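One letter stands for each residue in the lines below.
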Amino acid sequence: MNQKSLAGQRAVVTGASSGIGKAIALAFAEAGAAVVVNHHSDAEAGKAVTAEILGKEGRAVSVRGDVSKPRDVQKLFDAADAHFGGVDILVANAGAQADAPFLEMTLEGWRKVIDLDLTGAFLCAQEVAKRFRRQGLEPNRSRALGKVLFVTSVHQRIPWAGHANYAAAKGGVRMLMETMAQELADQKIRVNAIAPGAIKTPINKAAWDTPAAARKLVKLIPYGRIGEVEDVAQSAVWLASDAADYVVGTTLFVDGGMSLYPDFREGG
Ligand code: BGC
C-alpha cells in the first residue's frame, strides 16, 4: 500500500542517524521521497544511512546539525533546497533523555532535554512552515502545502517518574503540535504527531536488552511485544502521505496499547 506513496516528496528527518529517525528516513526513501538525513554527533552513522538509501537508487544527503541551534536548523532546510529544490515534509524526531529523580535533576539536565526535544522541535517546525509558504502549493506533488510530523512519545500522556524533563518536553510538543495544527490548517499545512511506546532503540536499551528487563517491559504492553522501529516508520509514511490528507492535529499512538493503562486489566 505504501509503495511510492511519497514519490516526488522532499523530507527533512532530524535525528536520523539511529533508531526511529533512521527507520523513518529509510522508509521514506523506499516510498519515493528524497531525504535530508540529519545527525548531530555521529557523522559516520548519518553517512551510513545516506549510503544505504543511495545504494537502493534513492535520493539522500547527510547534514550535521544541532536542532536546538537556529543556524543549524537553517542549514538543514538550505540543504533540502540545494539538493532537492525544496521541502514538503518535516519529521521532527531528534531527541534525547537525561534521566534523574526529580529532586536530583539539575538545571543543566532539565535544559538539555527541553532545548533538544521541545525547543528543537519548535525551531524546525517554524522554519519549515515559513518555507512551505514561500514555496507555495504544488498540487501535483501533494494535496497539502506541507506536512509536519512530530515524533513524541507515550509520555506526552503518561507521567514518568524519574523523567520529568522528558515527559514535560513531550507533553509540550503535543500542545505545540495541536496549536500549530489549529493555526496553520487553513493554509493547508498539515501537522500531526506519532507517539511511539517502547520501541527497541539505543535510547532505551537497558529496558529490553536482558531477558529479565524485556519481561518487565512487556508487562506494560497489552499487545505483548516490544515495538520495532519499522512499526513507527510505516505509520510515519502513511501520515506524511496524501492517503492521510484529512488527518490534521492528531496523535497516532504506535505503542502496542501501552497508553491504555494496562495495570487496569486486573483491578480498578
Ligand atoms: C522513551 C523510552 C521508553 C518508552 C516507553 C519512550 O519515549 O524514549 O525510553 O522505553 O518511551 O516508556
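These numbers come from a predicted model, not from an experiment. (Residues numbered from 1 in each chain as written. Predicted model: local features only at pLDDT ≥ 70, side-chain atom pairs only at ≥ 80, totals over all residues. Heavy atoms only, no water.)

Asks: How would you summarise the overall build of the protein if you had to cite specific residues and measurements?
Replies: Looking only at helices and strands, one finds 7 helices and 7 strands in the protein. Helices and strands appear in the protein in the N-to-C order β-α-β-α-β-α-β-α-β-α-β-α-α-β. In terms of C-alpha radius of gyration, the protein reaches 18 Å, essentially the compact-globule figure of 18 Å for 268 residues. If you line up the protein on its principal axes, its C-alpha atoms span 55 × 40 × 40 Å. (Helix = DSSP H or I, 4+ residues; strand = E, 2+ residues; numbered from the N terminus. Rg over C-alpha atoms; globule rule 2.2 N^0.38 Å.)

Asks: If you had to explain the pairing of strand β2 (residues 34-39) to someone new, which residues and values would you point to?
Replies: When you tally the buried positions in β2, you get 6 out of 6 residues, the bulk of the element. Covered by surrounding structure in β2 are A34, V36 and N38 together with V35, V37 and H39, the residues of both alternating faces. Between the parallel pair strand β1 (residues 10-13) and β2, the chain is carried across by helix α1 (residues 19-30), and the sense of this crossover is right-handed. Relative to strand β3 (residues 59-64), β2 runs parallel, the two being bridged by 6 bridges. (Buried < 20%, exposed > 50% of the residue type's maximum accessible area, 1.4 Å probe, protein only. Right-handed = clockwise from strand over helix to strand, strands pointing away. Pairing = 2+ DSSP bridges.)

Asks: If you had to explain the pattern of salt bridges to someone new, which residues and values would you point to?
Replies: All told, the structure shown has 15 salt bridges when counted by the stated rule. Residue E138 pairs with R141 through a salt bridge whose shortest N-O separation is 3.2 Å. Residue R141 is classed as partly exposed on the basis of its relative accessible area of 27%. A salt bridge links D245 to R190, with the shortest nitrogen-to-oxygen separation between them at 3.9 Å. With D245 in the loop between α7 (229-240) and β7 (251-254) and R190 in strand β6 (residues 189-196), the pair connects residues that are 55 residues apart, well separated along the chain. The pair D245 / R190 is uniform in exposure class, with both members buried. Residues participating in the shared-partner salt-bridge network are R10, D88, E138 and R141. (Salt bridge = Lys/Arg side-chain N within 4 Å of Asp/Glu carboxyl O.)

Asks: Can you break down the packing of α1 against α7 residue by residue, with the values?
Replies: Where α1 contacts α7, the axes come no closer than 8 Å and their chain directions differ by 50°. Relative to α7, the element α1 lies oblique. The handedness of the crossing between α1 and α7 is right-handed. Touching G19, I20, A23, I24, A27 and F28 of α1 are V229, V232, A233, Q234, A236, V237 and A240, all from α7. (Axes fitted to C-alpha atoms, helices over the stretch in contact; angles between N-to-C directions. Parallel < 35°, antiparallel > 145°, perpendicular 65-115°, else oblique. Left-handed = near helix turned anticlockwise from the far one by under 90°. Contact = heavy atoms within 4.5 Å.)

Asks: Now, about the site of the ligand: what can you tell me, with residues and values included?
Replies: All residues in the neighbourhood of the ligand are listed as Q97, S153, H155, W160, Y166, G197, A198, I203, N204 and M258. A distance of 2.6 Å separates an oxygen atom of the ligand from a polar side-chain atom of Y166. One nitrogen or oxygen atom from the side chain of N204 is found 3.2 Å from an oxygen atom belonging to the ligand. Burial of the ligand by the protein amounts to 90% of the accessible area it has alone, namely 310 Å². When grouped by side-chain class, the residues that make up the shell around the ligand number 5 nonpolar, 5 polar and no charged. (Near = heavy atom within 4 Å. Polar contact = N/O pair within 3.5 Å; in protein donor to acceptor, adjacent residues only side chain to side chain. Areas by Shrake-Rupley, 256 points an atom, 1.4 Å probe, with all protein chains shown as cover. Nonpolar A, V, L, I, M, F, W, Y, C, P; charged D, E, K, R; others polar.)

Asks: I'd like to hear about the side chain of K170, residue by residue, with values.
Replies: Secondary-structure assignment places K170 in helix α5 (residues 164-184). Of the side chains with opposite charge, D117 comes closest to the buried, unpaired K170, at an N-O distance of 4.3 Å. Other than its neighbours up to four places away in sequence, K170 contacts D117, V151, T152, S153, H155 and Q156. (Lys, Arg positive; Asp, Glu negative; His and termini not counted.)

Asks: Give a description of α5 that names residues and reports values.
Replies: Relative to the 30 Å expected for 21 residues at 1.5 Å per residue, α5 spans 30 Å between its end C-alpha atoms, a close match to the ideal helical length. Among the residues making up α5, those that are buried are N165, Y166, A167, A169, K170, V173, L176, M177, M180, A181 and L184. Looking at the buried side of α5, the elements it contacts are α4 (107-135), β5 (146-151), β6 and β7. (Expected span 1.5 Å × (residues − 1).)

Asks: Describe the sheet that holds strand β4 (residues 89-92), listing the residues and the values that go with them.
Replies: The sheet built from 7 strands is open, its strands ordered β3-β2-β1-β4-β5-β6-β7 with parallel pairing. Only two strands of the sheet have a single neighbouring strand rather than two, namely β3 and β7. Sheet twist, expressed as the average angle between the axes of neighbouring strands with direction ignored, equals 15°. α7 contacts β4, β5, β6 and β7 of the sheet and is inclined by roughly 165° relative to β6.

Asks: Describe the environment of V148, and please don't skip the residues or the numbers.
Replies: For V148, the location among the structural elements is in strand β5. Judged by its relative accessible area of 2%, V148 falls in the buried class. The contact partners of V148, leaving out residues within four places of it in the chain, are L90, A125, V128, F132, M180, R190, V191 and N192.

Take it as geometry only, folks, not as evidence of what the structure does.
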